[in-house]
Amino acid sequence: MPRVKYRDADVSLMARMMRAEAEGEGNQGMLYVGNVIVNRAVADCLDFRDVRTIEDVIFQIQGGNYSFEAVQKGNLFYQRARSSEKRLARQTLENWRQHPARYALWYFNPYAPCPPTWYNQPFTGQFKSHCFYEPAAGTCASVYSG
C-alpha cells in the first residue's frame, strides 16, 4: 500500500524533482530525495502541516521561496520526466525508504562538511553531496508511521 495517495501526474512531477535535485548522485541519491518528498506529504507537523499531496510538497512556499530550489531555477525540473526516474518515483511512493533519508524531512548540499544540526534538527547521514536531517525527537511522530 502506498505511503501517500498519488496519481500518474504526481509520479511525473516527483520524478522531475528527483532528477532536478539529485541527478548527479545517481539512482540512490534520487531515491533519497523521493523519500524526503513522501515524508513531507505524510508528516503532519512542523513546516508540513498543510501539505498532504505530492503537488503540495513540491510547490510549497516557505519564507517567500519555493521549498525546493529546482522549482525556482527552472533547470531540469521543467523537462519531461523520463521512464527511469518515474520508476524511482513509484518506488518511493510505494514505500521504499532507506537511511539516511528514511525519516528525513530536509536535505541540502552545504558545499562543506555536514553540520550536526540544521535549524535545530539532527543530522541523520550523508549521501554524496547531500546532508539529511530528520525531526528532533518528540516533534513529529507522524513521519515515523506508515
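Everything quoted here is computed from the prediction, not taken from an experiment.

Caption draft 1: Layout of the sheet that holds strand S6 (residues 130–133). What the four strands build is an open sheet, ordered S3-S6-S5-S4; its pairing is antiparallel. Single-partner strands in this sheet number two, and they are strand S3 (106–108) and strand S4 (117–118). As paired strands, S4 and strand S5 (residues 121–127) are joined by two bridges and run antiparallel to one another. Note on S5: the bridge partner recorded for Thr 117 is Pro 122. Across the sheet, helix H2 (residues 26–42) is in contact with S3, S5 and S6; its angle to S3 comes to roughly 145 degrees.

Caption draft 2: View of H2. Compared with an ideal rise of 1.5 Å per residue, which puts 17 residues at 24 Å, H2 spans 25 Å between its outermost C-alpha atoms and is within 8% of the ideal. For H2, a buried count of 14 out of 17 residues is recorded, marking the element as mostly surrounded by other parts of the structure.

Caption draft 3: Just the environment of Gln 72, in detail. Looking at where Gln 72 falls in the secondary structure, it is placed in helix H4 (residues 69–73). If near-sequence neighbours (up to four positions away) are discounted, Gln 72 is found in contact with Asn 65 and Tyr 66. Separated by 2.7 Å, the side chain of Gln 72 and the backbone nitrogen of Tyr 66 make a polar contact.

Caption draft 4: Inspection of the environment of Lys 5 at higher detail. Among the secondary structure elements, Lys 5 is positioned in the segment before helix H1 (8–22). We classify Lys 5 as exposed; its relative accessible area is 77%.

Caption draft 5: Summary view of the state of the cysteines. Per the stated rule, a full pass over the model turns up two disulfides. In the protein, numbering the disulfide-bonded cysteines from first to last in sequence yields the connectivity 1-4, 2-3.

Caption draft 6: Focus on the packing of H1 against H2. Between H1 and H2, the least distance of the axes is 9 Å, while the angle of their chain directions is 125 degrees. As summarised for this structure, H1 and H2 are arranged oblique, according to the angle between their axes. The handedness of the crossing between H1 and H2 comes out as right-handed. Contact residues: Met 14, Met 17, Met 18, Arg 19, Glu 21 and Ala 22 in H1; Gly 26, Gly 29, Met 30, Leu 31, Val 33, Gly 34, Ile 37 and Val 38 in H2. Grouping the constituent residues of the contact of H1 with H2 by class yields nine nonpolar, three polar and two charged.

Rules used throughout
- Residues numbered from 1 in each chain as written.
- Predicted model: local features only at pLDDT ≥ 70, side-chain atom pairs only at ≥ 80, totals over all residues.
- Heavy atoms only, no water.
- Pairing = 2+ DSSP bridges.
- Helix = DSSP H or I, 4+ residues; strand = E, 2+ residues; numbered from the N terminus.
- Contact = heavy atoms within 4.5 Å.
- Axes fitted to C-alpha atoms, helices over the stretch in contact; angles between N-to-C directions.
- Expected span 1.5 Å × (residues − 1).
- Buried < 20%, exposed > 50% of the residue type's maximum accessible area, 1.4 Å probe, protein only.
- Polar contact = N/O pair within 3.5 Å; in protein donor to acceptor, adjacent residues only side chain to side chain.
- Disulfide = S-S within 2.5 Å.
- Parallel < 35°, antiparallel > 145°, perpendicular 65-115°, else oblique.
- Left-handed = near helix turned anticlockwise from the far one by under 90°.
- Nonpolar A, V, L, I, M, F, W, Y, C, P; charged D, E, K, R; others polar.

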